[in-house]
Amino acid sequence: MSAVLYGIGVGPGDPDLLTIKAVKILQQVDVVAVPESSSENGSTALDIALPHLNKEAVVLNLEFPMVADVNKRELSRQTNARLLADYVRNGKKVAFLTLGDPLLYSTFQYILRYVSQWQIPVKCIPGIYSFAAVANAINLPLVIGNQQLAVLSNLDENKWDAIQLFDKVVCMKVSAYAPLLHQLLNGNNHWQFAMVTNVGKADQQISFDVADLLCGVHYFTTVILTKKD
Ligand SMILES: C[S@@+](CC[C@H](N)C(=O)[O-])C[C@H]1O[C@@H](n2cnc3c(N)ncnc32)[C@H](O)[C@@H]1O
């Protein structure tokens, strides 16, 4: 195993839902990089991966502040990418942990953009998407045959019009637009609603009641809408 930066998907929450490949790599790397939005928040990705880590590996907490200033956000991405690139240039094997899959709405994609420009060797290791775990937690088939699936990370009235063309809609980051989604779904007989919070964790919660969108939706929540026949 030579020096490389891995983007490792650790799945949505249950430490048993890492791939065997991810676990094998975690047991061999020198450095485990853990993204955090602030030093006080800790890291869900690290909590998930912890049982699988090589105890000798250095854990590197990388702050990616969620500030309004876009330039500051980009600067922290670039600074963290430089740090990771330096480890690899110095012969280290580095794993960057990411919730779910590394290429679906993840911080790792910002790092990937920089290190690819700098010709740093990178390998992405897929993880189980949170919405795959959510659908499985409630035995809800996603799509079959010619059905079409949409995945959203935000919502407005125009998107809602476009969504009507789909059979199934996955709403990620729903905490940011829960009141609007409630307004659009309340009294609407065209869509079946399912919402799962903290899938695979001890405090997993499931709801089939649209009204729960108004009850303080947690960040780790995904909604799946199914068009009624
Ligand atoms: C920044 S995205 C990360 C997506 C991740 N890369 C993936 O592959 O699922 C964060 C969103 O993923 C969803 N999510 C992540 N973990 C979850 C969990 N344990 N339960 C429910 N939804 C989750 C939520 O919609 C959350 O707002």
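Now for a quick tour of the structure.

Procedures and definitions
- Residues numbered from 1 in each chain as written.
- Predicted model: local features only at pLDDT ≥ 70, side-chain atom pairs only at ≥ 80, totals over all residues.
- Heavy atoms only, no water.
- Helix = DSSP H or I, 4+ residues; strand = E, 2+ residues; numbered from the N terminus.
- Rg over C-alpha atoms; globule rule 2.2 N^0.38 Å.
- Buried < 20%, exposed > 50% of the residue type's maximum accessible area, 1.4 Å probe, protein only.
- Contact = heavy atoms within 4.5 Å.
- Areas by Shrake-Rupley, 256 points an atom, 1.4 Å probe, with all protein chains shown as cover.
- Lys, Arg positive; Asp, Glu negative; His and termini not counted.
- Charge placed at Lys NZ, Arg CZ, Asp CG, Glu CD.
- Pairing = 2+ DSSP bridges.
- Axes fitted to C-alpha atoms, helices over the stretch in contact; angles between N-to-C directions.
- Phe/Tyr/Trp six-rings, centres within 6.5 Å; stacked < 30°, edge-to-face > 60°.
- Lys NZ or Arg CZ within 6 Å of the ring centre and 35° of its normal.
- Parallel < 35°, antiparallel > 145°, perpendicular 65-115°, else oblique.
- Left-handed = near helix turned anticlockwise from the far one by under 90°.
- Nonpolar A, V, L, I, M, F, W, Y, C, P; charged D, E, K, R; others polar.
- Near = heavy atom within 4 Å.
- Polar contact = N/O pair within 3.5 Å; in protein donor to acceptor, adjacent residues only side chain to side chain.

### Considerations on the overall build of the protein chain
Alright, step 1. Secondary structure assignment for the protein chain yields seven helices and ten strands.
Alright, step 2. For 229 residues, the compact-globule formula gives about 17 Å, and the C-alpha radius of gyration of the protein chain, at 19 Å, lands near that figure.
Alright, step 3. Expressed along its principal axes, the backbone C-alpha trace of the protein chain runs to roughly 60 × 35 × 35 Å.
Alright, step 4. Burial statistics for the protein chain: of 229 residues in total, 44% are counted as buried.
Alright, step 5. Sequence separation of at least 24 residues holds for 72% of the intrachain contacts in the protein chain that already meet a minimum separation of 6.
Alright, step 6. Of the roughly 12,000 Å² of accessible surface on the protein chain, 51% is carried by carbon and sulfur atoms.
Alright, step 7. Side chains of the protein chain give 18 positive and 20 negative charges; the mean places of these two sets differ by 9 Å.

### Focus on the sheet that holds strand β6 (residues 149-152)
Alright, step 1. The five strands lie next to each other as β6-β7-β10-β8-β9, forming an open sheet whose pairing is mixed. Looking at the sheet topology across the chains shown, the edges are occupied by β6 and β9 (205-207). Put simply, the sheet's adjacent strands are angled 15 degrees from each other on average, direction ignored.
Alright, step 2. Alignment of strand β7 (residues 168-171) against strand β10 (residues 221-227), held across four bridges, turns out to be antiparallel. Residue Cys171 lies in a different strand from β10, and its bridge partner there is Val223.
Alright, step 3. The sheet strands contacting helix α5 (residues 130-137) are β6, β7, β8 (191-197), β9 and β10, and the helix crosses β10 at an angle near 65 degrees.
Alright, step 4. Sheet contacts for helix α7 (residues 178-185): β7, β8 and β10; angle to β10, the most-contacted strand, approximately 20 degrees.

### Comments concerning the packing of aromatic side chains
Alright, step 1. Taken as a whole, this structure holds six aromatic pairs when the rule is applied.
Alright, step 2. Ring geometry for Phe64 versus Phe96: centroids 6.2 Å apart, planes at 80 degrees, classification edge-to-face. Remark: Phe96 occurs in strand β4 (residues 93-98) and Phe64 occurs in the loop between β3 (58-63) and α3 (70-89); sequence separation between them is 32 residues. As far as the burial class goes, Phe64 and Phe96 line up, both buried.
Alright, step 3. One aromatic cluster in this structure is built from Phe64, Phe96 and Phe108.
Alright, step 4. When the ring centre of Tyr110 is taken as origin, the NZ or CZ atom of Arg77, which lies over that ring, is 3.5 Å away.
Alright, step 5. The aromatic ring of Tyr114 is capped on one face by Arg113, whose charged end is 5.7 Å from the ring centroid.

### Topic: the sheet that holds β3
Alright, step 1. Strand order in the open sheet formed by five strands is β3-β2-β4-β1-β5, and the pairing between neighbours is parallel. Lying at the two open borders of the sheet, with one neighbouring strand each, are β3 and β5 (122-125). Direction aside, neighbouring strands of the sheet carry axes that sit 25 degrees apart on average.
Alright, step 2. Relative to β5, strand β1 (residues 4-9) runs parallel, the two being bridged by four bridges. Residue pairing for β5: Ile8 is matched across the bridge by Ile125.
Alright, step 3. The strands touched by α3 within the sheet are β1, β2 (31-36), β3 and β4, with β3 carrying the most contacts at an inclination of about 160 degrees.

### Observations regarding the packing of α3 against helix α4 (residues 108-117)
Alright, step 1. Put simply, α3 and α4 touch, their axes get as near as 9 Å, and they point 60 degrees apart. With respect to α4, the element α3 is oriented oblique. Considering the relative orientation of α3 and α4, their crossing is right-handed. Across the interface between the two elements, Glu74, Arg77, Gln78, Asn80, Ala81, Leu84 and Ala85 of α3 pack against Tyr110, Ile111, Arg113, Tyr114 and Val115 of α4.
Alright, step 2. In terms of residue class, the contact of α3 with α4 is made up of seven nonpolar, two polar and three charged.

### Examining the site of the ligand
Alright, step 1. Contacts to the ligand come from 18 residues, most closely from Asp101, Leu104, Ser130, Tyr219 and Thr221.
Alright, step 2. Here an oxygen atom of the ligand sits 2.8 Å away from a polar atom, N or O, in the main chain of Asp101.
Alright, step 3. Lys173 is positioned such that a nitrogen or oxygen atom in its backbone is 2.9 Å from an oxygen atom of the ligand.
Alright, step 4. Of the residues contributing to the shell around the ligand, the split by class is ten nonpolar, five polar and three charged.

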